[in-house]
Amino acid sequence: MEKTILSIEQMEEINSLLKQKAVEAGAETWQDRKEAQKVSCKFGEEGVCCRICSMGPCRITPKAPRGICGATADTIAARNFARMVAAGAAAHSDHARDIAHVLHMSSENGSYKVKDKDKLYRLAGEWGVSTEGKDLYDVAHEVAEVALMEFGKPFGTLRFLDRAVEQRQEVWKKENVAPRAIDREIATIMHSTHIGCTAEAESLVRMGLRTGMSDGWGGSMIGTELTDILFGTPTPIQTESNLGVLEEDMVNIVLHGHDPSLSEMIVLASEDAELVAYAKEKGAKGINLAGLCCTANEVTMRHGVKMAGNFLQQENAVLTGAVEAVIVDVQCIFPAMAALADCFHTKFITTSPKAKIPGATHIEFDEHHAFDSAKGIVKEAIDNYANRDRAKVYIPDSKQTAMAGYSIEAIIKQLDLVTNSHVDKTGTVKPLADCIVSGVLRGAVGIVGCNNPKVRPDYSHIEIIKNMIANDVIVVATGCAAQAAAKAGLLDKEARNLAGQGLRTVCELVDIPPVLHMGSCVDISRIILLVNAVAKHLNMDIPKLPVVGIAPEWMSEKAVAIGNYVITSGIDTFLGVYPQVTGSAEMVDLLTNRVEDIVGAKFTVEMDPAKLSEQVLERIEAKRTALGI
Ligand code: XCC
Ligand code: SF4
């Protein structure tokens, strides 16, 4: 099945075969739990259950339109929504904080080194950190300190806001949505949603926008930049995706989670000659790494590590019976993985004190002795190879080739090299802007986010992507959406045959797939900066551009934070799953209508991927018409 486009039906067939394996093994999966959860709580679903204080929980009904304190459906739904933004921003930003600490401990002879020196020096220049006569690592540590200050500085707004096109910065200032310190925005939401504070939905929405911004132009952007500095700025790289990347006769290690400071070290450890020899001693042909979720995106982009799949594929990986260890750090890890692993020989290894899970083997990752620590974890996996029960093994024969690693730098370089239209050596986004203005490309969309069983998993991603590229809209993707594309073969250069004539021509000319893998979810900051660069080049504010964000299957609080900074950045955002605010007419009006008056962009929600695609294309064409292009 290699090198082909996989249909959703083929993908679902593999899922049902694996589901059968679960039944045979007496294992429970998300499908069973979804079934058991059948009747979801209407109050929760609509966002009108409040348990912010212990006089409650209070639920809003026509007969009881106010909680005990008097909070209305609007107040309750707005508070719940704002808290989702705060939690999401906290998760992304705390990940970034950890990366900043790792940069701070980097050294010439330690496990963590600086790989992209140019990027470090560029950032030092941007932040006013002097580099003259200084040791590389002194610069790295100072830059890390400045980054860490962004979390708690008492005055001013975030440094990266200066990167935005002038017109956008004006809007942020005027509307007071320019974030101050990252932690401060999160704390402000937690404070303002405490009983007896903000009751006005609009101010809570505005706080959500600002806190979302502290993620997008703060935590996530810092995370991406510092990760590139430490582990290298991604360049296009070919890899493979889907469960067929697991090997019959190798030690299979699945990496799952988010933080590259763990996964990078596991990659190094898996290549360690001593450990490879040890694996052979144990009867395996070697060590085979595969990734899940955002960690997969991180290590794929920098090392070509194969991608086992996305969020709702995590259990499937264990169900193959061929995985020696699932190594996880933080975020998006099913607690169910521990019990599931028990049905097989698989070791489920948690590594972070921030994400301990009952039933898991916890081996705390020690960043101060990172390489040795990673080696110890990999050794656990190797030792487990002998326990694999061959009778239980089923590795689906599905493996798609995929291109990954399209950082902004890589995209600019790729376009520039071929079109030769650059004037300065650093390259520009002119070729991309030209293609959009001329109409060869109608526009660009970022397709991002998770899987969600509220819709047909992966189907929404794949259908929307196919509709976009068929209509000459170039797609950039991150997170689990990028993984869905990879599994379906849409990150393969061959997928350009599914594109409209304009996009296909561009793809052929510059040798790219029609869907560009730009990384993990913190890397949505790359998408934002790319759009911002085009806006700067054309000297216009971002909402004018024929560019749209889509989260077809979002589920996490991080996704809510992301949605908020994407619209605040001026990009209309389409959601394929309803946020839990529908019990408040005012919240629905604010998010899908009035917010446009504040930031120039808004949310649209549509669960049917065909209809959503139509609406996106209409929005893109409307933006073109308004521009007269
Ligand atoms: Fe998680 Fe980042 Fe969502 Fe995937 S896309 S399910 S948040 S792994 Ni980020
Ligand atoms: Fe009820 Fe108000 Fe307490 Fe919420 S804050 S639980 S609405 S009394």
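Rules of the game
Each chain carries its own residue numbering, running from 1 in the direction its sequence is written. Chains carry letters and ligands carry numbers; both start at the beginning, A for chains and 1 for ligands, and go up in the order they are written. With the structure being a predicted model, the display of local features is reserved for residues of pLDDT at least 70 and the display and counting of side-chain atom pairs for 80 or more, all residues being used for whole-chain, interface and lining totals. The side-chain figures draw on all heavy atoms in the structure; neither hydrogens nor water molecules are used. Numbering goes from the N terminus for both helices and strands, where a helix is a DSSP run of H or I of at least four residues and a strand is a run of E of at least two. Our radius of gyration is a C-alpha quantity, and the globule rule it is checked against amounts to 2.2 Å times the number of residues to the power 0.38. Between buried and exposed lies partly exposed: a residue is buried under 20% and exposed over 50% of the maximum accessible area for its type, with that area taken using a 1.4 Å probe on protein chains only. Shown as donors are all N, O and S atoms within 2.8 Å of a metal ion, widened to 3.2 Å for Na, K and Ca; because water is not in the atom set, sites may appear incomplete. Residue proximity to a molecule or strand is established when one non-hydrogen atom of the residue lies within 4 Å of it. Where each domain begins and ends is defined by an automated method or by a domain database. Here, nonpolar core refers to any group of buried Ala, Val, Leu, Ile, Met, Phe, Trp, Tyr and Cys residues whose side-chain atoms link them within 4.5 Å. When checking whether two residues touch, look at their non-hydrogen atoms; a contact exists if any pair is within 4.5 Å. As used in this structure description, the phrase polar contact means that two N or O atoms lie within 3.5 Å; if the pair is within protein, one of them must be able to donate a hydrogen and the other to accept it, and residues adjacent in sequence are counted only when both atoms belong to side chains. Within this scheme a cavity is a closed region of a 1 Å grid, computed over the protein atoms alone, that accommodates a 1.4 Å probe without allowing it to escape, whereas a pocket is open but has protein on both sides within 12 Å along at least five of seven lines; lining residues each have an atom within 4 Å of a point. Grid points are joined across faces, edges and corners, and a volume is the space filled by probe spheres set on the points. Note on residue classes: Ala, Val, Leu, Ile, Met, Phe, Trp, Tyr, Cys and Pro are nonpolar, Asp, Glu, Lys and Arg are charged, and everything else, Gly too, is polar. UniProt positions are given in the numbering used here, feature names are shortened, and annotations may be inferred rather than shown by experiment. By definition, the buried area sums, over both parts, the 1.4 Å-probe accessible area that each loses when the two are put together. The pairing criterion is simple: DSSP has to find at least two bridges between the two strands. Ring pairs shown here join Phe, Tyr and Trp side chains whose ring centres sit within 6.5 Å, with only the six-membered ring taken for Trp; geometry is labelled stacked below 30 degrees between planes, edge-to-face above 60, and tilted in between. As a reminder, the over-ring test applies to NZ of lysine and CZ of arginine, requiring each to be within 6 Å of the ring centre and within 35 degrees of the ring normal. We define a salt bridge as a side-chain nitrogen of Lys or Arg found within 4 Å of a carboxyl oxygen belonging to Asp or Glu.

Turning next to the overall build of the chain. Broken down by element type, the chain carries 24 helices and 16 strands. In terms of overall size, the chain behaves like a compact globule, its C-alpha atoms giving a radius of gyration of 24 Å where 629 residues would be expected to give roughly 25 Å. Along the longest, intermediate and shortest principal axes, the C-alpha atoms of the chain span 65 × 65 × 50 Å. Expressed as a percentage of its 629 residues, the buried residues of the chain come to 61%.

This part covers the coordination of the nickel atom of ligand 1. Ideal geometry at a metal centre: 109.5 degrees between donors when four sit tetrahedrally, and 90 or 180 degrees when six sit octahedrally. Just one protein atom donates to the nickel atom of ligand 1; it is Cys 521 (SG), sitting 2.0 Å from the metal. Along the chain, Cys 521 turns up in the loop between strand 13 (515-519) and helix 21 (524-538).

Attention now moves to the site of ligand 1. Within the structure, ligand 1 sits among His 258, Cys 293, Cys 294, Phe 311, Cys 332, Gly 449, Cys 450, Cys 480, Cys 521, Met 555, Ser 556 and Lys 558. Residues lining the shell around ligand 1 come from more than one domain, with at least three contributed by each of domain 2 (243-392) and domain 3 (406-627).

Moving on, we get to the nonpolar core. Core analysis: the biggest nonpolar cluster contains 209 residues, and Val 143, Leu 226, Val 445 and Met 587 have the highest contact counts within it. Ignoring anything within four residues of it in the chain, the contact list for Leu 226 reads Ile 99, Ala 100, Leu 103, Leu 123, Val 143 and Ala 147.

If you trace the backbone, Asn 451 turns up in the loop between strand 11 (443-447) and helix 18 (459-470). Within the local environment of Asn 451, its side chain forms a polar contact with the side chain of Asn 310, the two groups lying 3.3 Å apart. Ignoring anything within four residues of it in the chain, the contact list for Asn 451 reads Asn 310, Phe 311, Leu 312, Asp 458, His 461, Glu 553 and Met 555.

Where empty space is left in the structure can be found by rolling a water-sized probe over the atoms. According to the stated counting rule, one finds five cavities of 30 Å³ or more in the structure shown. In this structure, the largest cavity spans a volume of roughly 490 Å³. Along the wall of the largest cavity there are 42 residues; nearest its centre are Val 445, Gly 446, Val 476, Ile 527 and Val 548. Elements with a minimum of two residues in the lining of the largest cavity: helix 16 (408-419), helix 17 (430-438), strand 11, strand 12 (473-478), helix 21, strand 14 (547-551), helix 22 (557-568) and strand 15 (572-575). In terms of residue class, the lining of the largest cavity is made up of 35 nonpolar, seven polar and no charged.

To continue, consider the UniProt feature "binding site: [4Fe-4S] cluster 1" (unreviewed entry) in the chain. Per the UniProt annotation, the sites labelled "binding site: [4Fe-4S] cluster 1" (unreviewed entry) are Cys 41 and Cys 49. Positionally, Cys 41 belongs in the loop between helix 2 (30-36) and helix 3 (42-46). We classify Cys 41 as partly exposed; its relative accessible area is 44%. Mapped onto the fold, Cys 49 is located in strand 1 (residues 49-50). In this view, Cys 49 contacts Phe 43, Gly 44, Pro 57, Cys 58, Arg 59, Ile 76 and Asn 80; residues no more than four positions away in its chain are not counted.

Attention now moves to the domain arrangement of the chain. What the domain assignment lists for the chain is domain 1 (71-231), domain 2 (243-392) and domain 3 (406-627). The gap between the C-alpha centroids of domain 2 and domain 3 is 31 Å. Contacts between the two partners involve 16 residues from domain 2, matched on the other side by 23 residues from domain 3. Both faces considered, domain 2 and domain 3 share a buried interface measuring about 1400 Å² in area, 61% of it formed by carbon and sulfur atoms. At the boundary of domain 2 with domain 3, the tally comes to 12 residue pairs in polar contact (both at pLDDT 80 or more). Those elements that provide at least two residues to the side of domain 2 that touches domain 3 are helix 12 (293-303) and strand 6 (306-309). The element that contributes the greatest number of residues to the side of domain 2 that touches domain 3 is helix 12, accounting for seven residues. The residue inventory of the side of domain 2 that touches domain 3, partitioned by class, reads eight nonpolar, six polar and two charged.

Attention shifts here to the site of ligand 2. All residues adjacent to ligand 2 are Cys 50, Ile 52, Cys 53, Met 55, Gly 56, Cys 58, Gly 67, Ile 68, Cys 69, Ala 71, Arg 79 and Ile 195. For the shell around ligand 2, the residue count by class is nine nonpolar, two polar and one charged.

Once that is clear, we can look at the pairing of strand 6. The sheet contact formed by strand 5 (residues 287-292) and strand 6 spans three bridges and is parallel. Bridged to Gly 291 within strand 6 is Met 307.

Inspection of every chain in the model, using the stated rule, returns four aromatic pairs. Judged by centre distance (5.1 Å) and plane angle (70°), the rings of Trp 172 and Trp 217 are edge-to-face. Residue Trp 172 is located in helix 7 (residues 166-174), and its partner Trp 217 is located in helix 9 (residues 201-231); the two are separated by 45 residues in the primary sequence. Taking relative accessible area as the criterion, Trp 217 reaches 1% and is therefore assigned buried. Judged by centre distance (5.2 Å) and plane angle (80°), the ring pair of Phe 311 and Phe 334 falls under edge-to-face. Linking Phe 311 in the loop between strand 6 and helix 13 (314-319) with Phe 334 in the loop between strand 7 (325-328) and helix 14 (337-342), this pair joins segments that are 23 residues apart in sequence. Like Phe 334, Phe 311 is buried. The positively charged end of Lys 42 is found above the aromatic ring belonging to Phe 43, 5.3 Å away from the centroid.

A word on the layout of surface pockets. Put simply, the second largest pocket is a space of about 660 Å³. Every residue lining the second largest pocket is counted, 21 residues in all, and those nearest its centre are Asn 452, Pro 453, Lys 454, Met 555 and Gln 580. Among the secondary structure elements, those contributing two or more residues to the lining of the second largest pocket are helix 2 and helix 3. With three residues, the top contributor of residues to the lining of the second largest pocket is helix 2. Taken together, the residues of the lining of the second largest pocket break down into 10 nonpolar, six polar and five charged.

Enumeration according to the criterion identifies 49 salt bridges in this entry. The residue Arg 122 makes a salt bridge to Glu 409 at a minimum N-O spacing of 3.8 Å. With Arg 122 in helix 5 (residues 117-126) and Glu 409 in helix 16, this pair connects stretches of sequence that are 287 residues apart. A salt bridge links Lys 602 to Glu 596; the nearest nitrogen and oxygen atoms lie 3.7 Å apart. Within this structure, Lys 119, Arg 122, Asp 228, Glu 298, Arg 302, Glu 409, Asp 523 and Arg 526 form a network of salt bridges that share partners.

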